[in-house]
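Geometric and topological summary
Each chain, letter by letter, is given below.
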Amino acid sequence: MKSTHLSLIAGAAVLAAVTGFATVTAPGAPAESAAKSAALLPVERAGLVCPAPSNSDLAETQYTAFTPAGEGGEAKGAAELKPALPIVDDEDETDPKKAKKAEEAAEKAKAKAEKPVLAVKEPGKPVVAEANGSSAPALVGTATGKLAPGWAAQQTTEVSAGGSRGLLGVSCTAPDTDFWFPGASTAKSRQDYIHLTNPDDTGAVADIELYGPEGALKSDVGDGITVPARSSVAVLLSTLTSEAVDQLTAHVTTRSGRIGAVVMSADDSAGSDWITASEDPSGTLVMPGIPADATSVQLVAFAPGEDDADVKVQLMGKNATFSPAGNATLHIKSSMTAAVDLKDLTRGEPGSLRLSPVRKDRATPIVAALRVVRGKGDKQEIAYIPATGPVGARATVPDNRAKGSTLSLTAPGATAKVKVTASAGSGGGEPAVETYTVKAGTTLAVTPKAPEGLKGSYALTVETTSGGPVHASRSLGLASDGVQMFTVQTLPDDRGMVEVPSARQDLSVLDD
């Protein structure tokens, strides 16, 4: 008889550190002892995808990637974002000359896709790249070793005219299998494209469902959308249904594989921006960072389960929490999208919106987002704020400029303290650190202290140091021809550290 010893707990610890997945506990181990023996370790691998920036020839895009300084995994590491592969026509080409040209073009595209657009070389310093026009590709990438924990990327696009006019910003996202987008639209005045990007070497298959105020919209073409390996597909939502609905909720899931998903929304009269996914369905949601000068705020919410939801609507303002006049509560029917116009509810002060159950014993899970407008008439500009999780241990947003960045911090529970680090600039400068206290039930909007001697753009890293949870967002503004263009990015926990159990127990498998 021979005995083969497999340290399963040690193996689980390594897997968790690499993937960022949750804690694994030995069978029969008490929860308390498991918690005591667990340790926080940095993840050693992270993935991000960025959508194609724009379909406008006037688009000017800046990509920024960054890994915060701190504890990393291995001594070495790499963090690169590369172009996604273009979609090619699958039809067989019968003309030998055309077939050869197509083959050569495919080889050139593949070779180009192997060259990084952005490559972070060291933690603590952002790297920047630029791309202009409508041909800029989607990006896919991986970070490993010491560059993986907290790796973040941002793309910011300015379009000066046309139907996509505006400042469009989006944080590149980790691939997943389930996404909710309240606030999307199939209205005639809107052009909403959902971008599906596959970072893996095998194809993915996705389904898109649309839900309006009366329930699910009829669609025969939203199922089984193929997203080829390392490629990106953009789907115009209005082509999935004959129903024109101003405010709806889009639900994206995958049958196989993983994707990144985000919606580019363009309004004929109010500009354009990206709609990122709401936090997973929850009974209580927070949407941080409504600008003080917002001229219109629209709340869009959806209850994906079998039960209706009744929620309290509260604005966490500069000094206190209160309910908007006439909109203290909102009833959301099951599988139906509810939208309410909150108008200029901030009235000159920054704020954040919280949704919570009217009855604590009936916390029906919901998803939600805000559509925020600044300016009036032909000077309007829009941005979207999805419900987002708390900063947690740490969160980062790259691409902050010398002017135009506003950081919003809100504490929906207890008073909290946070440390905010402005990194060195992409072209030079010394990091700056400030500490802020956010009072319970309020929103604090600050202009971050820029790095001394700043050249280029910098990253902001927020860390919760004490007190209750803090939700955060960053608004980036740019004035152009009298239009206050802006975009808002939320800062959920970067999950750069993962809790893993100590490798103390050895489980043996006996093999006769």
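Scroll up for the structure.
This write-up is about the structure you can find in this document. Bear in mind the structure is a predicted one, so any value in this text is a computation, not a measurement.

Cut-offs and rules
Residues numbered from 1 in each chain as written. Predicted model: local features only at pLDDT ≥ 70, side-chain atom pairs only at ≥ 80, totals over all residues. Heavy atoms only, no water. Helix = DSSP H or I, 4+ residues; strand = E, 2+ residues; numbered from the N terminus. Buried < 20%, exposed > 50% of the residue type's maximum accessible area, 1.4 Å probe, protein only. Polar contact = N/O pair within 3.5 Å; in protein donor to acceptor, adjacent residues only side chain to side chain. Contact = heavy atoms within 4.5 Å. Salt bridge = Lys/Arg side-chain N within 4 Å of Asp/Glu carboxyl O. Patch = residues over 30% accessible without salt bridge, like charges linked within 9 Å, V, L, I, M, F, W, Y side chains within 5 Å. Areas by Shrake-Rupley, 256 points an atom, 1.4 Å probe, with all protein chains shown as cover. Lys, Arg positive; Asp, Glu negative; His and termini not counted. Charge placed at Lys NZ, Arg CZ, Asp CG, Glu CD. Pairing = 2+ DSSP bridges. Axes fitted to C-alpha atoms, helices over the stretch in contact; angles between N-to-C directions. Phe/Tyr/Trp six-rings, centres within 6.5 Å; stacked < 30°, edge-to-face > 60°. Lys NZ or Arg CZ within 6 Å of the ring centre and 35° of its normal. Disulfide = S-S within 2.5 Å.

1. Describing the side chain of Asp 207
Mapped onto the secondary structure, Asp 207 falls in strand S13 (residues 204–212). Judged by relative accessible area, which is 13%, Asp 207 ranks as buried. Separated by 2.9 Å, the side chains of Asp 207 and Arg 255 make a polar contact. Beyond its immediate chain neighbours, meaning those up to four positions away, Asp 207 contacts Gly 222, Asp 223, Gly 224, His 251, Val 252, Thr 253 and Arg 255.

2. Examining the pattern of salt bridges
Here the structure, examined in full by the defined rule, presents 12 salt bridges. Residues Asp 293 and Arg 374 are paired through a salt bridge, measuring 2.8 Å at the closest nitrogen-oxygen approach. Residue Asp 293 is located in the loop between strand S20 (285–290) and strand S21 (294–302), and its partner Arg 374 is located in strand S27 (residues 367–374); the two are separated by 81 residues in the primary sequence. Take Asp 293: its relative accessible area is 40%, and that puts it in the partly exposed class.

3. Quick notes on a negative patch on the surface
A surface patch of like charges, here negative, comprises Glu 306, Asp 307, Asp 308 and Asp 310. With respect to the element layout, Glu 306 can be found in the loop between S21 and strand S22 (309–316).

4. With respect to the sheet that holds strand S38 (residues 483–490)
Each strand in a sheet pairs with its neighbour through backbone hydrogen bonds, running either in the same direction (parallel) or in the opposite one (antiparallel). Pairing is antiparallel in the open sheet, where four strands are placed in the order S34-S30-S37-S38. Strand pairing shows two members of the sheet lacking a second neighbour, strand S34 (443–446) and S38, which therefore form its edges. Taken pair by pair, the neighbouring strands of this sheet meet at an average axis angle of 20°, ignoring direction. Taken together, the eight bridges between strand S37 (residues 471–480) and S38 define a ladder with antiparallel strand orientation. Among the inter-strand pairings, Arg 474 is bridged to a residue of S38, identified as Gln 489.

5. Some thoughts on the packing of aromatic side chains
Note on aromatic pairs: each is described by the distance of the centres and the angle between the planes. Applying the stated criterion across every chain yields a total of three aromatic pairs. Ring centres of Phe 179 and Phe 181 lie 6.4 Å apart, and the angle between their planes is 15°; on these two criteria the pair is classed as stacked. Phe 181 carries the same exposure label as Phe 179, and that label is buried. Considering the side-chain rings of Trp 180 and Phe 302, the 5.5 Å spacing of their centres and the 35° angle between planes classify their relative orientation as tilted. Highlighted residues: Trp 180 in strand S11 (residues 178–184) and Phe 302 in strand S21, separated in sequence by 122 residues. Side by side, Trp 180 and Phe 302 carry an identical accessibility label, which is buried. In textbook terms, an aromatic cluster arises when at least three aromatic residues are bridged by ring pairs, as seen for Trp 180, Tyr 211 and Phe 302. Here Arg 374 stacks its cationic end above the ring of Phe 486, 5.0 Å away from the centre of that ring.

6. Points about unusual backbone geometry
Leaving glycine out, the prevailing phi sign among residues is negative, and the prevailing peptide bond configuration is trans. Even without a glycine there, the phi angle at Asp 399 is positive, about 55°. Considering the arrangement of structural elements, one finds Asp 399 in strand S29 (residues 395–400). For Asp 399, a relative accessible area of 0% translates into the label buried. If you check the backbone angles, Asp 481 has positive phi at about 50° while not being a glycine. Following the sequence through the fold, Asp 481 ends up in the loop between S37 and S38.

7. A closer look at the state of the cysteines
Every disulfide links exactly two cysteines, by a covalent bond between their sulfur atoms. Considering all chains together, one arrives at one disulfide under this definition. Here Cys 50 pairs with Cys 172 through a disulfide, and the sulfurs are 2.1 Å apart. Taking the torsion about the S-S bond as the criterion, the Cys 50 to Cys 172 disulfide, at about 110°, is right-handed. Taken as a pair, Cys 50 in strand S3 (residues 45–50) and Cys 172 in the loop between strand S10 (166–171) and S11 lie far apart in primary sequence, 122 residues in all. Cys 172 matches Cys 50 in its accessibility class, with the two residues each being buried.

Any link to function would need more than the numbers given here.
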